[in-house]
Amino acid sequence: MTLYYRDDTVQVTSESIRAGGHFVRIADVAYVWHARGATTMAVRSRVLGRGVLVLLLSLPPLVALVCVVSLVWSAQDRGNWKLALGILAACVVGALALTPFLELPLGWLDRSYERGNRVNELWVQHLGQEVLLLRTPDALRFGQIYRAVQRAVEQQGGHR
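Residues numbered from 1 in each chain as written. Predicted model: local features only at pLDDT ≥ 70, side-chain atom pairs only at ≥ 80, totals over all residues. Heavy atoms only, no water.

S.K.: Run through unusual backbone geometry, naming residues and quoting values.
M.R.: Here the phi dihedral of Leu127 falls at roughly 50°; this positive angle occurs in a residue that is not glycine. Position of Leu127 relative to the elements: it lies in the loop between strand S6 (119-126) and strand S7 (129-136). (Helix = DSSP H or I, 4+ residues; strand = E, 2+ residues; numbered from the N terminus.)

In structure tokens, the structure reads:
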């Protein structure tokens, strides 16, 4: 027996699939497919959180750009370029010093995209009936499980 995938709720082997309270023998699976399910509140909140995070990450550079243009404009009127260049240099050094702290919010944003923005469903045709094996908003996990089921069915000689 070959183990293709296993986590707390799903196990895919060369002999069977256990998921969502179902036990399906691979030999009895004729077809495997996926579908888009209805959006859940968790997915909506993930997309909203992603938008807020992008907004929060985008605002400081835009505010800095407005400040720089304003500083250059006022320096041009007053002819005081030394003070303007000093302030700009201090701001550039400050921005470079704060850049490593972007790792955390950018990591959150990256994981948000990995998890996806929709609900995925895994279906199989088992003994002539269509069976919903898995419904999850986690795109990365869904992809791993779907590929595992496909490999198991292909190794058995079935159809996808």
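S.K.: Now, about the state of the cysteines: what can you tell me, with residues and values included?
M.R.: By the definition in use, this model includes 0 disulfides. With no disulfide of its own, Cys67 lies closest to Cys91 among cysteine sulfurs, the gap being 7.7 Å. We classify Cys67 as partly exposed; its relative accessible area is 46%. (Disulfide = S-S within 2.5 Å. Buried < 20%, exposed > 50% of the residue type's maximum accessible area, 1.4 Å probe, protein only.)

S.K.: Can you break down the sheet that holds S6 residue by residue, with the values?
M.R.: Spatially, 3 strands are ordered S5-S6-S7 in an open sheet, and the strand pairing comes out antiparallel. Of all strands in the sheet, those with a lone pairing partner are strand S5 (29-37) and S7, marking the two edges. The average undirected angle you get between the axes of adjacent strands in this sheet is 25°. Bridge count for S6 against S7 is 7 bridges, and the pairing is antiparallel. Note on S7: the bridge partner recorded for Val124 is Val131. (Pairing = 2+ DSSP bridges. Axes fitted to C-alpha atoms, helices over the stretch in contact; angles between N-to-C directions.)

S.K.: Now, about the nonpolar core: what can you tell me, with residues and values included?
M.R.: Among the nonpolar cores identified, the biggest contains 22 residues, and Val12, Ile17, Val32, Leu122, Leu133 and Val149 are the most heavily contacted of them. Of all the elements in the fold, those that place two or more residues in this core are strand S1 (3-6), strand S2 (10-13), strand S3 (16-19), S5, S6, S7 and helix H4 (139-156). Sort the elements by how many residues they give to this core and H4 lands first, with 7 residues. Residues contacting Val149, with those up to four places away along its chain left out, are Val12, Ile17, Val32 and Leu122. (Core = buried A, V, L, I, M, F, W, Y, C linked by side-chain atoms within 4.5 Å. Contact = heavy atoms within 4.5 Å.)

S.K.: Help me get a handle on the sheet that holds S3, residues and values and all.
M.R.: What the 4 strands build is an open sheet, ordered S1-S2-S3-S4; its pairing is antiparallel. Looking at which strands have only one partner, the edges of the open sheet turn out to be S1 and strand S4 (22-25). Averaged over all pairs of adjacent strands, the angle between strand axes in this sheet comes to 10°, irrespective of strand direction. Sheet topology note: the S1/S2 ladder contains 3 bridges and is antiparallel.

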